[in-house]
Amino acid sequence: MNTTENLERRTPVAELVETTGHAGSEWLARYSSSLMGVFGTPQRVLVRGAGCLVWDADGKEYLDLLGGIAVNALGHANPFVTSVIASQLATLGHVSNFFTSPTQIALAEKLLALTYAPTGSKVFFTNSGTEANEAAFKLARRNTGGGDAKRTKIIALEGAFHGRTMGALALTAKEAYRAPFEPLPGGVVHIPFGDVEALKAAVDDTVAAVFLEPIQGEAGVRPLPPGYLRAARELTSKAGALLILDEVQTGIGRTGKWLASQDAGILPDAVTLAKGLGGGFPVGALITFGAETSSLLTPGQHGTTFGGNPVATAAALATLHAIENQHVLENVVEVGEHLRSALAAIPGVTEVRGEGLLIGFDLDADVAPAVVQAGLDAGFIVNSPGPRTIRLAPPLVLTTAQADSFLDAFPAILQAVKDAQ
Ligand SMILES: *Cc1c(COP(=O)(O)O)cnc(C)c1O
């Protein structure tokens, strides 16, 4: 694709914001004087995307191997998702939750079908991952395990990331995220990651819920050990505690399955979704399994203005439809396996983790942030969740040829960074 042509393409948005003719450096100066500094300085100013490619304000092209952090499931500007969103917006853009709309209902039904939810299971829609976990936190607060006593204790894991709002932050383990905002909602206990004995010791009949990510994304793509989810299901069932799986990052085809937890052969009490669900449009969901769990939150106990919005739910329906009908899950398995085995063979790569197109790999030196920068200069977007860890969460439609272009370039990128140290 011709770069000049990309920059000269005018859209109605250009009537409001002049998106061309300004250098990235100029945008970044305006950014720093107008945007709150919570994200640090953005790496680039992106103006356009198509499939797995994006272009910045200076006309440079990138292969997007991060996909908005596991969000752009079908890549950028997917024509089908775009047309569904546009037509829904032009038909009915928003209604209050005093009303409902066909796309909201159809998406709930679709999610229940895809997750093999038993009769009585229900969905609550949100706008983000953290809000889905807030809803799950409130659900946990209503669980008494069938008894009369209120339960306030919640178990989460060391390394856990569940979001940044106060309830989700209480579930999140990282001290640097938590400490400035204490006191957080109480009762959350973090136990060692992947340790069944620690879980056994922690789960008793005072516990309201256990929150788990099948693969910890922000912690560097760390899968729970085999058997852990099954043990968690047995222990929580026995104690009358809810098993709540945060699949905000791992769900919606990311691992080559609709849910990463699918192969464990268990039925959780609840699952939270967001990132990939809307194919780039903001939408999240809490799914509760079975009639009992689904009736813990009663009328008036929770709500949201935008949750279940017709446009957001249409975007998610379009995304699920495309994943289902365009062999996307097969592609995720195939390209993911290819990437992992090729990465493992690159000198300086010490460990490769993950499933499908959620991949973390470790380097033999603390150079990951520098590798991210060098990757950008070479035209690749990747991310470093740790000092020696690189994460890939590309669009689920990444081709083998695109993966190969990164695999071919990576050894030289890594070597150049090490040489410069
Ligand atoms: C990203 C993420 C969240 C938070 O989602 P937001 O949409 O950023 O609020 C929660 N849990 C997991 C596992 C995530 O990866």
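This write-up is about the structure you can find in this document. Everything quoted here is computed from the prediction, not taken from an experiment.

Remarks on helix H10 (residues 228–239)
Helical geometry: 3.6 residues make up each α-helical turn, so side chains three or four residues apart lie on a common side.
Item 1. With 12 residues, H10 should cover 16 Å at 1.5 Å per step; its first-to-last C-alpha distance of 16 Å lies within 8% of that length.
Item 2. All of the buried residues along H10 are Tyr-228, Leu-229, Ala-231, Ala-232, Arg-233, Leu-235, Thr-236 and Ala-239.
Item 3. The inward-facing, buried residues of H10 abut strand E5 (153–157), strand E6 (188–191), helix H9 (196–202), strand E7 (207–212) and strand E10 (242–246).
Item 4. Where H10 terminates, the next one or two residues include Gly-240, which has phi positive at roughly 75 degrees.

Some remarks on the sheet that holds strand E17 (residues 389–392)
Item 1. Strand order in the open sheet formed by 4 strands is E13-E14-E17-E16, with antiparallel pairing between adjacent strands. The two strands at the open ends of the sheet, each matched to only one other strand, are strand E13 (349–355) and strand E16 (383–386). The sheet shows a mean angle of 30 degrees between the axes of neighbouring strands, taken without regard to direction.
Item 2. In terms of strand pairing, E16 meets E17 through 2 bridges, oriented antiparallel. Counted as the bridge partner of Gly-386 is Thr-389 from E17.
Item 3. Those strands touched by helix H13 (residues 328–344) are E13, strand E14 (358–363) and E17, and its axis lies near 165 degrees from that of E13.

A look at a nonpolar patch on the surface
Item 1. On the surface, Val-13, Leu-16 and Val-17 cluster together into a nonpolar patch covering about 290 Å² of accessible area.
Item 2. With respect to the element layout, Val-13 can be found in the loop between helix H1 (3–8) and helix H2 (24–34).

Considerations on the packing of helix H5 (residues 102–114) against helix H12 (residues 310–325)
Item 1. The interhelical angle for the contact between H5 and H12, taken along N-to-C directions, is 40 degrees, at an axis separation of 8 Å. Judged by the angle between their axes, H5 and H12 are oblique. The interaxial crossing formed by H5 with H12 has left-handed handedness. On H12, the residues that touch Thr-103, Gln-104, Ala-106, Leu-107, Lys-110, Leu-111 and Leu-114 of H5 are Pro-310, Thr-313, Ala-314, Ala-316, Leu-317, Leu-320 and Glu-324.
Item 2. Among the residues making up the contact of H5 with H12, the classes are represented as 9 nonpolar, 3 polar and 2 charged.

Criteria and thresholds
Residues numbered from 1 in each chain as written. Predicted model: local features only at pLDDT ≥ 70, side-chain atom pairs only at ≥ 80, totals over all residues. Heavy atoms only, no water. Helix = DSSP H or I, 4+ residues; strand = E, 2+ residues; numbered from the N terminus. Expected span 1.5 Å × (residues − 1). Buried < 20%, exposed > 50% of the residue type's maximum accessible area, 1.4 Å probe, protein only. Contact = heavy atoms within 4.5 Å. Pairing = 2+ DSSP bridges. Axes fitted to C-alpha atoms, helices over the stretch in contact; angles between N-to-C directions. Patch = residues over 30% accessible without salt bridge, like charges linked within 9 Å, V, L, I, M, F, W, Y side chains within 5 Å. Areas by Shrake-Rupley, 256 points an atom, 1.4 Å probe, with all protein chains shown as cover. Salt bridge = Lys/Arg side-chain N within 4 Å of Asp/Glu carboxyl O. Parallel < 35°, antiparallel > 145°, perpendicular 65-115°, else oblique. Left-handed = near helix turned anticlockwise from the far one by under 90°. Nonpolar A, V, L, I, M, F, W, Y, C, P; charged D, E, K, R; others polar.

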